[in-house]
Amino acid sequence: MSAAAPELVRQPWDAIVIGGGVMGCSTALHLAQGGMRVALVDRGLLCREASGVNAGTLTLHMTRAALVPYAMRAWQMWMDAERWLGVGVLATHVPGLTLAFTDAECELVELRAKARREYGAPIEVISPQRAREIEPGLHPSLLKAGYCEIDGFASAYLTGRAFRHALTHAGVTVFENAPVEAIDSGDGGHVVRLASATRLEPMRARRVVLAGGVWIENMLAMLGVQIPIKVLINQLVVTERIRPVMRTVLSVANGLLSLKQFANGTVLIGGGWQGDGTRELGGVQARPQNLVGNMRLAAYAVPALAEARVARIWLGLEAETADAMPIIGDVPGVPDAWVVGSAHSGYTSGPFMGRILAQHILGQTPELPLFDPARLLGMPMPGA
Amino acid sequence: MSELARRDLVIIGGGPAGARAALRASACGLSVLLIDENPDAGGQVWRPLPAGFSRRDDAQLSPEARDGDALRSELRRAGIECLFGHKVWNVGTDLRTDVIGPGGSVSFRPRALLVATGTTERVVPFEGWTLPGVIGLAAATILLKSQNMLPGRRTVVAGSGPLLLAVANGILKAGGEVGAVVDLASRGEWLRSLPSLVGRPELVRQGIAWQWRLRAAGVPVYYRHTIRSVARDGEEFVVRIGAVDATGAPLPGGTRGIDLRGDAVAVGHGLVPGTDVTRLLRARHRFECERGGWIAEADPDGRTSVVGLYIAGDGAGIAGAAAAGAHGEIAALACALDLGAIDASVHKRERAPLVTQWARSARFGHAMAGLMALRNGAVAGIAADTVVCRCEDVTRSEIDAAVREGARDMNQLKAWTRCGMGPCQGRTCGDVAGALVAAQVGSREAAGFFTGRAPLRPVSLAEVAGDYTYADIPIPKAAPL
């Protein structure tokens, strides 16, 4: 934890950002760069949840169609991370392919490509011959592929280190291992109370930003606002280093595979196959039948992967709102409180989403529209 | 997914603890399955021969080979169901145990799971420790015991604990040359462990024989010394050693080292309990340096904080092979009691002599574990540019820098540096890296340990995926547009 002088802690912060993932870090960083005195508070360590354990896919194929403009701007931010964070995350620009092996999947590839093209994603549907020129290791039964030149990946586990560096340089004070237990909001601003084990005094702030991923539901409840957030428990698999077997980012038509080989030779297999876990416990364990399914799909798409040995399997929590779109904007009914997060493919778009919320808080016009949380009040969760 | 095969008790690890547990649990009436990745039971201490090997001359059997053969035939006589040559790669919170062997994958759903996976060797890194030809003491015992192979023509044997003497003697007995024995401990530390030998005449005899053979061969022994560096010089290694203090820290002015020569180096600084399974199942752990490091919290009968999960043997805290066998049987009795196979009076009657046996054996084992415990001065003395995580080539200075920049625990360290992300999953570097983090964050407890992850052993995609066509892939419904 970065130590701040006690008298400074007692003065109200211009803003306290609760949640040190990509969204919270980016918001805190841009607020500080806008001249505010900012504290960033996390119950654990920076970017150790979804922001540090996701697959690092920077793709337009799997991003929600309406989020493509956000993802494209964020993609550029990731590629330029060394410039604005000072430390990179090994962001790598390669093309992305989304694969169809059945007639139904061919239709899906066409449909998804068309929807994304309408939002500006340069995705075209190509022949299997052309796809295999781009990615020679693909399974011969490929029927069609969506192709996008703007794609790539980062090493998500480096995200915390990069933001830690940037936040320190921007003068943001970071409080780690500091769980927030309550937020008292009134005319004079907010008082953020931390777990007693931290032995930290309550923190006062003029503004508060909630950036807690799947835990946004609990954070909003501290302010008396009820918005249900669904929790997805995504399984991830990484292999040992193997010879180069692929060079693109691969997905399948229905979105349930992400596959890439890093420069170090390891191959990351994701796609959102579900494991066991809860908001309270986090990821508990992978489901063996879903591991088998995910690995079959990966080794089907690129047959050479069959020889790879799995080094590690883990889980990451992803949030989903009732309309599967993010919440970025004012907390309904609570002055000087904002919320950011719960975006599908949130890592891809995260740095840009934090930036536009900071622009809004700083009184500027955001580069792209926010996603008003008030729309979700009283909206039932589908299937709930 | 096919129906899972049910058993009362699955035991992972066929060393003394696991094998004796299997025998005892079976005698109590439990249906038992014993799984080991090796071709037969015996563990590291009573290591079986590789598949297809046979002994030419049974008259030359070492006591350990004899004990191992006796155990193996006892398992066969008792008809214990064993899966050898199989690796457990995943365990679920419901104790579902996923196993892969030559015939493919198979899963079990036991009512209780006993983990008897022993230990991994620790090496406190020095310049050159990753060179081919520099191997662990435990690796040297595998070569000697199960394959009758010498590590080299002339081997420098270094590190700490009883394996030093065992390996040096094994090499001499097999006709090799020992360049020197380099021991972190002092002669006085060894002498202070002598009282633990009371009541163990067989160990006293063995110890005397070992000392005599070393002396007869004229092997120099350097107490309170450590390897500073190993470098290649043509066909040979130049092994630079230097004096250390009681914490293992290089003595100031100790640059005036001694150069030894040999074509192999066997080095080990003690054993670390294997906690892969208990960490994966999120059992509570505590740090006990004198027992090898992090160990799962358990009662004396091996019950962990996870219901149905038991541990026994050196993986539950180092106490030696003799104690491990008794501990395995004690844990088996606890399983039998908890599963209702025996009643409290039978349990009490059968447990008492085992506890006595355990206590007698563990006294010596604990003394040896103390000699093998990680010495903080040795960790502090690791040079800045020495590789600590050999899978990912992470140096000591990279670890120190990451912690200074704000990686405050082992998992943040792993993310920021890749330390522990390689094929060994931190089994090799985790203990030393933990000591390096602890030196900055205050304690091993604050530093924590690498979160346990599947697979427990690397498995190939082909092994997990099996035979299938595209239609066999249970693809979930499409993500929202």
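Being a predicted model, the structure only gives us computed values, none of them experimental.

Cut-offs applied
- Residues numbered from 1 in each chain as written.
- Chains lettered and ligands numbered in written order.
- Predicted model: local features only at pLDDT ≥ 70, side-chain atom pairs only at ≥ 80, totals over all residues.
- Heavy atoms only, no water.
- Helix = DSSP H or I, 4+ residues; strand = E, 2+ residues; numbered from the N terminus.
- Buried < 20%, exposed > 50% of the residue type's maximum accessible area, 1.4 Å probe, protein only.
- Contact = heavy atoms within 4.5 Å.
- Lys, Arg positive; Asp, Glu negative; His and termini not counted.
- Charge placed at Lys NZ, Arg CZ, Asp CG, Glu CD.
- Pairing = 2+ DSSP bridges.
- Axes fitted to C-alpha atoms, helices over the stretch in contact; angles between N-to-C directions.
- Buried area = accessible area lost by both parts, 1.4 Å probe.
- Salt bridge = Lys/Arg side-chain N within 4 Å of Asp/Glu carboxyl O.
- Polar contact = N/O pair within 3.5 Å; in protein donor to acceptor, adjacent residues only side chain to side chain.
- Core = buried A, V, L, I, M, F, W, Y, C linked by side-chain atoms within 4.5 Å.
- Phe/Tyr/Trp six-rings, centres within 6.5 Å; stacked < 30°, edge-to-face > 60°.
- Expected span 1.5 Å × (residues − 1).
- Disulfide = S-S within 2.5 Å.
- pLDDT = per-residue confidence, 0-100.

### With respect to the overall build of chain B
Phase 1: Tallying secondary structure elements over chain B gives 15 helices and 22 strands in all.
Phase 2: By principal-axis analysis of the C-alpha atoms, chain B measures approximately 65 × 65 × 40 Å.
Phase 3: Every one of the 481 residues in chain B was classed for burial, and the buried ones make up 56%.
Phase 4: Across chain B, every contact between residues at least 6 apart in sequence was considered, and the portion connecting residues at least 24 apart equals 65%.
Phase 5: Counting 55 positive and 49 negative side-chain charges, chain B places the averaged centre of each group 4 Å from the other.

### Notes on the environment of A:I126
All names here are of chain A.
Phase 1: Structurally, I126 is set in strand β5 (residues 123-126).
Phase 2: Sequence-wise, I126 and K144 are 18 residues apart; in three dimensions their C-alpha atoms are separated by 6.1 Å.
Phase 3: What I126 contacts, discounting residues up to four positions off in sequence, is L97, A131, I134, K144, A145 and Y147.

### Overview of the sheet that holds strand β21 (residues 337-341) of chain A
All names here are of chain A.
Phase 1: In spatial order, the strands read β8-β2-β1-β12-β21-β20; together these six strands make up an open sheet with mixed pairing. With one partner strand each, in any of the chains shown, β8 (173-175) and β20 (327-330) form the two edges of the open sheet. On average, adjacent strands in this sheet sit at an angle of 20 degrees to one another, irrespective of strand direction.
Phase 2: In the sheet, strand β2 (residues 38-41) pairs with β8 via three bridges, with the strands oriented parallel. Within β8, the position partnered with A39 by the bridge is T173.
Phase 3: Contacts from helix α2 (residues 22-33) reach β1 (15-18), β2, β12 (208-210) and β21 within the one sheet, and its direction differs from that of β2 by about 170 degrees.
Phase 4: Strands β12, β20 and β21 of the sheet are contacted by helix α11 (residues 346-361), whose axis makes an angle of about 165 degrees with β21.

### Considerations on the interface of chain A and chain B
Phase 1: Contacts between the two partners involve 53 residues from chain A, matched on the other side by 48 residues from chain B.
Phase 2: In total, chain A and chain B occlude about 4500 Å² of area from one another, counting both sides; carbon and sulfur atoms represent 59% of this.
Phase 3: Contact with chain B buries area across many residues of chain A, yet A:R161, A:R296 and A:R312 alone supply 17% of it, more than any other trio.
Phase 4: Linking chain A with chain B are two salt bridges.
Phase 5: Put simply, B:E392 and A:R241 hold a salt bridge, and the shortest N to O gap is 2.3 Å.
Phase 6: Seen at the junction of chain A and chain B, the total is 19 residue pairs in polar contact (both at pLDDT 80 or more).

### Here we look at the pattern of salt bridges
Residue and element names in this part refer to chain B.
Phase 1: As enumerated under the stated definition, the model contains 50 salt bridges over all chains in all.
Phase 2: R286 is the salt-bridge partner of E288, the closest N and O atoms lying 2.7 Å from each other.
Phase 3: With relative accessibility at 24%, the residue E288 sits in the partly exposed group.
Phase 4: Exposure remark for R286: the relative accessible area of 32% places this residue in the partly exposed category.
Phase 5: Linked by salt bridges that have partners in common, R20, R24, E74, E329 and E350 make up one network.

### Focus on the nonpolar core
Phase 1: Of all hydrophobic cores here, the largest spans 87 residues; its most connected members are A:L31, A:F163, A:L167, B:L413 and B:C419.
Phase 2: Every residue in contact with B:L413, bar those within four places of it in the chain, is listed here: B:I399, B:A402, B:V403, B:A407, B:R418, B:C419, B:A433 and B:V437.
Phase 3: Counting 66 residues, the second-largest nonpolar core is a separate cluster that includes A:L142, A:Y147, B:L83 and B:Y470.

### Looking at the packing of aromatic side chains
The geometry of two aromatic rings is summed up by the distance between their centres and the angle between their planes.
Phase 1: Under the criterion given, the structure shown has eleven aromatic pairs over all chains.
Phase 2: Summarising the aromatic geometry, the rings of A:F153 and A:F262 are spaced 5.2 Å apart at their centres and angled 85 degrees between planes, so their arrangement reads as edge-to-face. With A:F153 in strand β7 (residues 152-153) and A:F262 in the loop between β15 (258-261) and β16 (267-270), this residue pair connects regions lying 109 residues apart in the sequence. Taken individually, A:F153 and A:F262 each receive the classification buried, so the pair is uniform in this respect.
Phase 3: A centroid spacing of 4.7 Å and a plane angle of 45 degrees characterise the contact between A:Y300 and B:Y470, whose relative ring orientation is tilted. Linking A:Y300 in helix α10 (residues 288-301) with B:Y470 in the segment after α15 (461-465), this pair reaches from one chain into another. Both residues of the pair, A:Y300 and B:Y470, count as buried.

### Comments concerning the pairing of strand β4 (residues 96-100) of chain A
Regular strands have side chains that alternate between both faces of the sheet.
Residue and element names in this part refer to chain A.
Phase 1: Of all five residues in β4, five are buried; the element is thus mostly enclosed.
Phase 2: Residue alternation in β4 divides its side chains into two sets, G96, T98 and A100 and L97 and L99, and both sets are buried.
Phase 3: Bridge count for β4 against strand β6 (residues 144-148) is five bridges, and the pairing is antiparallel. Looking at the pairing, G96 lines up with C148 of β6.
Phase 4: Both β4 and strand β14 (residues 249-252) contribute to a ladder of four bridges, which runs parallel.

### Some points on helix α8 (residues 159-170) of chain A
Phase 1: When the terminal C-alpha atoms of α8(A) are compared, their 16 Å separation across twelve residues agrees well with the 16 Å that a helix rising 1.5 Å per residue should span.
Phase 2: Regarding α8(A), the residues found buried are A:T159, A:G160, A:R161, A:A162, A:F163, A:R164, A:A166 and A:L167.

### Some points on the state of the cysteines
Any covalent bond linking the sulfur atoms of two cysteines counts as a disulfide.
Residue and element names in this part refer to chain B.
Phase 1: Counted by the stated rule, this structure contains zero disulfides over all chains.
Phase 2: Not engaged in a disulfide, the cysteine C424 finds its nearest cysteine sulfur in C391; these two sulfurs lie 3.8 Å apart.
Phase 3: Residue C424 is classed as buried on the basis of its relative accessible area of 14%.
Phase 4: With no disulfide of its own, C429 lies 3.9 Å from the sulfur of C419, the closest cysteine sulfur.

### Side note on the pairing of β20(A)
Residues and elements named next belong to chain A.
Phase 1: Here β20 pairs with β21 via four bridges, running antiparallel. Across the sheet, G329 pairs through a bridge with V339, a residue of β21.
Phase 2: Hairpin geometry of β20 and β21 is characterised by an intervening segment of six residues between the two adjacent antiparallel strands and by a positive phi of about 80 degrees at G333.

### Overview of the confidence of the model for chain B
Phase 1: For chain B, the average pLDDT comes to 94, and 98% of its residues sit at 70 or higher.
Phase 2: Reported confidence for the predicted complex is 0.94 by ipTM and 0.95 by pTM.

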